[in-house]
Amino acid sequence: DASPEQEMYLFEPFLVKDAPNVIFGRGSSGKTYLTIRIAISLITGVPFFGFSQKEKGRVRFLDFEASQGVFAREAQRRRAKRGDVPEPSSASGRM
């Protein structure tokens, strides 16, 4: 196991590379928003609040609190506003 000083981050200091990552907190504290914004940054390469990802890639977003369409609506809103979110994959219908 790597020590915290040796851990590789995918999105420093929030997401450790090659490990499960969990964002938790009280209801309505912004967890889903934060997660969606980090996911968009990881997909597009666009920095988020001054934090940038180490590499672009695919994202699997599991939210056991919000409805299934929350991520899609936020991505669609962002795509319409800024155009920096890719269309969902036609194979899976998801990003």
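Quick note: structure is the one above.
The structure contained in this document is the topic of the report that follows. (Residues numbered from 1 in each chain as written. Predicted model: local features only at pLDDT ≥ 70, side-chain atom pairs only at ≥ 80, totals over all residues. Heavy atoms only, no water.)

### Some points on the nonpolar core
Selection criterion: What makes a nonpolar core is a set of buried Ala, Val, Leu, Ile, Met, Phe, Trp, Tyr and Cys residues whose side-chain atoms join them at distances within 4.5 Å. Summary of the burial criterion: residues with accessible area below 20% of their type's maximum are buried, those above 50% are exposed, and those between are partly exposed, where the area comes from a 1.4 Å probe applied to protein chains only. By definition, residues are in contact when any of their heavy atoms lie within 4.5 Å.
Core analysis: the largest hydrophobic core is formed by five residues, namely Phe11, Leu15, Ile38, Leu42 and Phe48. Setting aside anything within four residues of it in sequence, one finds Phe11 in contact with Ile38, Ser41, Leu42, Phe48, Phe51, Ser52 and Gln53.

### Quick notes on helix α1 (residues 31–44)
Defined as follows: Per the convention used, a helix needs a DSSP run of H or I reaching at least four residues, while a strand needs a run of E reaching at least two, with both numbered from the N terminus. A helix is expected to span 1.5 Å for every residue after the first.
End to end, α1 covers 20 Å across 14 residues, agreeing with the expected 20 Å (1.5 Å per residue, within 8%). Among the 14 residues in α1, 11 count as buried, and that is most of the element. All of the buried residues along α1 are Lys31, Thr32, Ile36, Arg37, Ile38, Ala39, Ile40, Ser41, Leu42, Ile43 and Thr44. The first or second residue beyond α1 is Gly45, which carries a positive phi of 85°.

### What to know about the side chain of Ser41
Keep this limit in mind: Under this definition, polar contacts are N or O atom pairs within 3.5 Å; protein pairs additionally need one hydrogen-donor-capable and one acceptor-capable atom, and for neighbouring residues in sequence, both atoms have to be side-chain atoms.
Assignment of secondary structure puts Ser41 in helix α1. The buried category is assigned to Ser41, whose relative accessible area is 1%. Side-chain polar atoms of Ser41 contact the backbone oxygen of Val46, separated by 2.5 Å. Setting aside chain neighbours within four positions, we find Ser41 in contact with Phe11, Val46, Pro47, Phe48 and Gln53.

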